[in-house]
Amino acid sequence: MKNYSVLILLFTILFTMPSGASAQKMANFNETVNVRSAPNLSSSVITQVHQNESHPIMEEDGEWIQIQLDAEKVGWVASRLVTITSENNSSKTIESTVSDLQVRAGPGKEFPVLGSIEVNTKWDVIKTEKDWIAIDYKGQEGWVASWLVNSTTESDQAVSSIKEVQANILNVRESQGLGSRIIHQLPSGSVVEEVKKENDWSFIRYDNGQTGWVDSSFLKETTKSAGSRYATILYQATNLRDGPGLGNKVITQARLHEKYQILSKEGQWYEVALTDGSSAYVAEWVVSTAASLSTKQNLHARKTVVLDAGHGGNDSGAQGITTLEKILTLRTTSTIAEKLKSAGVRVILTRDTDTYIALDERTTISERNNADAFVSIHFDSTVDPTANGTTTYYYDQSDMSLASAIHNKIGDDTSLRDRGVRFGNYYVLRNNKQPSVLLELGFLSNPWEEQLVNRLDYQAEITSEVANGILSFLQ
Ligand SMILES: [Zn+2]
């Protein structure tokens, strides 16, 4: 117990944010980023931060930012990988999704319970650490499990705020204020994303991810956002072309996770809006749209799916001629994750980098997050080079409805042979208390099939089928 009180004291000293006007600057991450011991690429990587994490900024040094990792640890990240927001304590709130959610004295189940909060009540967030969130609990700091709450932040709300420029020419500036350097000019009618608003200035994203500050009074709400659909880019450096087909000229490239408004559809191609008022075409198999999934968003809110990319790190899994199973499972799994997220599902990955994760850790993640479904993704291998097809494995009868929901989708339409639903004595199924299945999505030991499962169109098809199967199970 002694250790805990020292820890609590440390947290209190180091994390208590100044109240009032001065807001803590936070570094927010949209992807996994290396954290280094010093502000340069030759220093050692001390840890990684992941998507949706945010950390207080301690210091800025050129292109590097020093962030606070925990009570005693700081590290450096490249500033281009960071979205900076200023927040004060009140800009972030959580609501419990369960009744009588326990509030603890520290970030972990081992800390004593201080009390509980009721479902759907709002609480101000003080800070977050890994899977735990500190709230202002009746004047003291109390910790709740992040997987049992819904959180709302200023920037979350602003993400979908699409605005239209109504000045003849709108200056985009490096920072707030008329004295700040002009870095770009946007013509009237340009559509931009308002990421956040401070005083009378808006921080916007325009032209494929560039950012800057503009005078908020020259942005207006636009009907272009109402009812419009967006395509989210699923692969880094995706080509945007001047016509609907692979033969057309590449105008520009889109980055991973960028969102584009869809103007029309021609065959398998979406016409999407660029912020300069022109448009470009992108293939449907490299994007995810909420509408490409079979069901409505709200239906799946608060459902949790754990996706498990098989193997990783020094465990490569099966090897094809050019393919390592661990790499392909990661790629397939992250695409399924994007598709589920756009349907409103809370998705947790057992790994999002090429790292080794023990089997028992994988089932622990499933259990700890109370997964509504656990799906492990693999690619097959055997000595017979002609073996082919996809297989859905279950261990317990109670996993059958998940197995058949997914199998109904992949068995039906996939270009590969359907090997059906089978019993599989796998650790991640046998030792999993949550509904769980393991999918083998093609044979890497079959050279023809190895080629096929790597193709973007197969990946687009199979990931939609698996996502749709999971969604139909969750309904
Ligand atoms: Zn495998």
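Residues numbered from 1 in each chain as written. Predicted model: local features only at pLDDT ≥ 70, side-chain atom pairs only at ≥ 80, totals over all residues.

Visitor: Describe the overall build of the protein chain, listing the residues and the values that go with them.
Guide: In terms of helices and strands, the protein chain carries 8 helices and 34 strands. When burial is assessed residue by residue, the protein chain has 37% of its 475 residues classed as buried. (Helix = DSSP H or I, 4+ residues; strand = E, 2+ residues; numbered from the N terminus. Buried ≥ 20, exposed ≤ 12 C-beta atoms within 10 Å, placed from the backbone.)

Visitor: Would you mind going over the sheet that holds strand S34 (residues 436–443) in detail, with residue names and values included?
Guide: One open sheet accounts for 6 strands, arranged S30-S29-S31-S34-S32-S33; its pairing is mixed. Every other strand in the sheet has two partners, leaving strand S30 (346–349) and strand S33 (418–423) as the edge strands with one partner each. For this sheet, the mean inter-axis angle between neighbouring strands, taken without regard to orientation, is 20°. Where strand S31 (residues 373–380) and S34 come together, 6 bridges link them in parallel fashion. In the strand pairing of S34, Phe374 is matched with Ser436. Across the face of the sheet, helix H3 (residues 325–342) comes into contact with strand S29 (304–309), S30, S31 and S34 while running at roughly 145° to S31. The sheet strands contacting helix H8 (residues 456–474) are S29, S31 and S34, and the helix crosses S31 at an angle near 155°. (Pairing = 2+ DSSP bridges. Axes fitted to C-alpha atoms, helices over the stretch in contact; angles between N-to-C directions. Contact = placed C-beta atoms within 7 Å.)

Visitor: Tell me about the nonpolar core, and please be specific about residues and values.
Guide: Membership of the largest hydrophobic core comes to 45 residues, with the highest contact counts inside it found for Val305, Leu307 and Ile470. A per-element tally of this core places H8 first, with 8 residues. Setting aside residues no more than four positions away along its own chain, Leu307 makes contact with Thr333, Ile336, Ala337, Val347, Leu349, Val375 and Ile377. (Core = buried A, V, L, I, M, F, W, Y, C linked by C-beta atoms within 7 Å.)

Visitor: So what's going on with H8? Residues and values would help.
Guide: In this model, H8 (19 residues) spans 27 Å end to end at C-alpha, consistent with the 27 Å of a helix rising 1.5 Å per residue. Extensive coverage of H8 is indicated by the burial of 15 of its 19 residues. (Expected span 1.5 Å × (residues − 1).)

Visitor: Explain helix H7 (residues 447–454) to me, and be specific about the residues and the numbers.
Guide: Turning to H7, its buried residues are Glu449, Glu450 and Val453. The buried residues of H7 occupy one face: seen down the axis, they fall within an arc of 105°. Those residues of H7 that are buried are in contact with H3, S31, S34 and H8. (Arc of directions from axis to C-beta.)

Visitor: Before we move on, can you summarise the packing of H3 against H8 with the specific residues and values?
Guide: Contact geometry for H3 and H8: axes closest at 9 Å, N-to-C directions at 50°. In terms of orientation, H3 lies oblique with respect to H8. Where H3 crosses over H8, the two elements pack in a sense that is right-handed. Residue-level contacts link Thr332, Thr335, Ile336, Lys339 and Leu340 of H3 to Gln459, Thr463, Ser464, Val466, Ala467 and Ile470 of H8. Of the residues in the contact of H3 with H8, the class split is 5 nonpolar, 5 polar and 1 charged. (Parallel < 35°, antiparallel > 145°, perpendicular 65-115°, else oblique. Left-handed = near helix turned anticlockwise from the far one by under 90°. Nonpolar A, V, L, I, M, F, W, Y, C, P; charged D, E, K, R; others polar.)

Visitor: Account for the pairing of strand S27 (residues 279–283), naming residues and giving values.
Guide: Judged by how many residues are buried, S27 sits mostly within the fold: 4 of 5 residues are covered. With antiparallel pairing between neighbouring strands as the criterion, strand S26 (residues 269–273) and S27 make up a hairpin whose turn holds 5 residues, including Gly277 at a positive phi of roughly 95°.

Visitor: Provide a residue-level description of the environment of Thr83, including the pertinent values.
Guide: Assignment of secondary structure puts Thr83 in strand S7 (residues 83–87). Overall, the presence of 17 C-beta atoms within 10 Å leaves Thr83 in the partly exposed class. Distance from Thr83 to Val195, taken between C-alpha atoms, is 9.9 Å for residues 112 residues apart in sequence. Each residue touching Thr83, except ones within four places of it in the same chain, is listed here: Asn28 and Asn30.

Visitor: Give a description of the confidence of the model for the protein chain that names residues and reports values.
Guide: Here the protein chain averages 81 in pLDDT, while 86% of its residues score no lower than 70. Element-level pLDDT for the protein chain is lowest in helix H2 (residues 154–158), with a mean of 38, against a maximum mean of 98 in S31. Confidence over residues 9–22 falls short of pLDDT 50; this stretch has 8 contacts with residues more than four positions distant or in other chains. Below pLDDT 50 for its whole length, residues 290–299 participates in 21 contacts with residues either more than four positions away or in separate chains. (pLDDT = per-residue confidence, 0-100.)

Visitor: So, the environment of Leu170: which residues are in play, and what are the values?
Guide: Note on placement: Leu170 falls in strand S16 (residues 169–173). Considered as a pair, Leu170 and Asp215 are 45 residues apart in the sequence and their alpha carbons are 8.2 Å apart. What Leu170 contacts, discounting residues up to four positions off in sequence, is Val165, Gln185, Leu186, Val214 and Phe218.

Visitor: Just give me the short version of unusual backbone geometry, but keep the residues and values in it.
Guide: For residues other than glycine, phi is negative in most cases, and the peptide bonds are mostly trans. Positive phi, normally seen in glycine, also occurs at Lys138, with a value near 50°. Checked against the element boundaries, Lys138 lands in the loop between strand S12 (132–137) and strand S13 (140–145). Phi at Asn370 is positive, roughly 55°, even though this residue is not glycine.

Visitor: Go over the environment of Asn425 with me, naming the residues and quoting the values.
Guide: When you line up the elements, Asn425 lands in the loop between S33 and helix H6 (427–430). With 8 C-beta atoms counted inside 10 Å, the residue Asn425 sits in the exposed group. Considering only alpha carbons, one finds Asn425 and Tyr395, 30 residues apart in sequence, at a separation of 6.0 Å. Not counting the four nearest positions on each side in its chain, Asn425 is found in contact with Tyr395 and Arg430.

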